[in-house]
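Each chain, letter by letter, is given below.
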Amino acid sequence: MAKGIEIREAHFPGRAPIDAYGNGGFRFADMSHRGSILCLPSGIHGWDKEEGAALTVDDLQRVLDEAGDIEVLLVGTGKDIRPLPADIKAALKERRISSDPMSTGAAVRTFNVMLAESRAVAAALIAV
């Protein structure tokens, strides 16, 4: 019996460069995603963050959970650079993750380069 539409959490189970960004989303691995994303060692996950919304430690819990496989977290904060709150920087530092906030465009480009170099990089990218 048909159950109707099943909504699943957005997740691509692999590492992939970001092919394009803008218009409120991203393109990667021959797919597109509307909204923000987390690019982690476990894959690319949909992320419920919008430009201008305050970031919290809870927003980055997936990153913290995978800290053993991440050395650098690039945070694409939208069109403009916004500093990370002190509690987020402290939580990342405690897990030996260096963080670098930048515009989403710069974060996408830097992520792609570091990924191509097989670096232990992750990215939290707010859609623009």
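Structure: see above.
My aim in this report is to walk through the structure given alongside it, one point at a time. What you see is a predicted model, and the numbers here were worked out from it, not measured in a lab. Residue positions are given per chain, counting from 1 as you read along its sequence in written order. Local features in this predicted model are restricted to residues whose pLDDT is 70 or higher, and side-chain atom pairs enter the listing and the counts only when it is 80 or higher, whereas totals over whole chains, interfaces and linings include all residues. Values shown for side chains rest on all heavy atoms present in the structure; no hydrogens or waters enter the calculation.

What about the overall build of the protein?
No. 1: The way it works is that DSSP assigns letters per residue, a run of H or I at least four long becomes a helix, a run of E at least two long becomes a strand, and they are numbered from the N terminus. Tallying secondary structure elements over the protein gives 3 helices and 9 strands in all.
No. 2: Its helices and strands taken in sequence order, the protein reads β-β-β-β-β-β-α-β-α-β-α-β from the N to the C terminus.
No. 3: Against the compact-globule benchmark of 14 Å for 128 residues, the protein has a radius of gyration of 14 Å, which places it among compact chains.
No. 4: Viewed in the frame of its principal axes, the protein has a C-alpha envelope of about 50 × 30 × 25 Å.
No. 5: Every one of the 128 residues in the protein was classed for burial, and the buried ones make up 41%.
No. 6: Any two residues whose heavy atoms approach within 4.5 Å are treated as being in contact. Here the analysis covers contacts within the protein between residues at least 6 apart in sequence; of these, 67% occur between residues at least 24 apart.
No. 7: When the accessible surface of the protein is split by element, carbon and sulfur atoms take 49% of a total near 7,400 Å². For a compact globule the rule gives 2.2 Å times the number of residues to the power 0.38, and the radius of gyration it is set against comes from C-alpha atoms. Burial status follows relative accessibility: with a 1.4 Å probe on protein chains alone, a residue under 20% of its type maximum counts as buried, one over 50% as exposed, and anything between as partly exposed. Residue exposure ignores everything except the shown protein chains as possible cover, and the areas themselves are Shrake-Rupley values with a 1.4 Å probe.

Description of helix α3 (residues 104–116)
Since there are 3.6 residues in each turn of an α-helix, residues three or four apart along the chain are aligned in direction.
No. 1: Take the number of residues in a helix, subtract one, and multiply by 1.5 Å to get its expected span. Given a rise of 1.5 Å per residue, 13 residues ought to cover 18 Å, and the 18 Å separating the end C-alpha atoms of α3 matches this to within 8%.
No. 2: Along α3, the residues classified as buried are Thr104, Gly105, Ala107, Val108, Phe111, Met114 and Leu115.
No. 3: The secondary structure elements touched by the buried residues of α3 are β2 (18–22), β3 (25–28), β5 (36–40), β7 (72–76), β8 (98–102) and β9 (121–125).
No. 4: Trailing α3 by a residue or two, serine 118 shows a phi angle of about 60°, which is positive.

Quick notes on the sheet that holds strand β1 (residues 11–12)
No. 1: A pair of strands is considered paired only if DSSP assigns at least 2 bridges between the two. The sheet built from 6 strands is open, its strands ordered β1-β6-β5-β9-β7-β8 with mixed pairing. The open sheet terminates on both sides in strands that have one partner only, identified here as β1 and β8.

A word on unusual backbone geometry
No. 1: At asparagine 23, a residue that is not glycine, the phi angle is positive and equals roughly 50°.
No. 2: By the secondary structure assignment, asparagine 23 is in the loop between β2 and β3.
No. 3: A relative accessible area of 71% places asparagine 23 in the exposed class.
No. 4: Despite not being glycine, arginine 96 has its phi angle at roughly 60°, a positive value.
No. 5: Topologically, arginine 96 is positioned in the loop between α2 (86–94) and β8.

Details of the pairing of β8
In summary, the side chains of a regular strand alternate between the two faces of the sheet.
No. 1: Across 5 bridges, β7 lies against β8 in parallel orientation. Within the sheet, the bridge partner assigned to leucine 73 lies in β8 and is serine 99.
No. 2: One crossover worth recording links β7 to the parallel β8 by way of α2, and it is right-handed. We call a crossover right-handed when, viewed with the strands running away from us, the connection from the first strand over the helix to the second turns clockwise.

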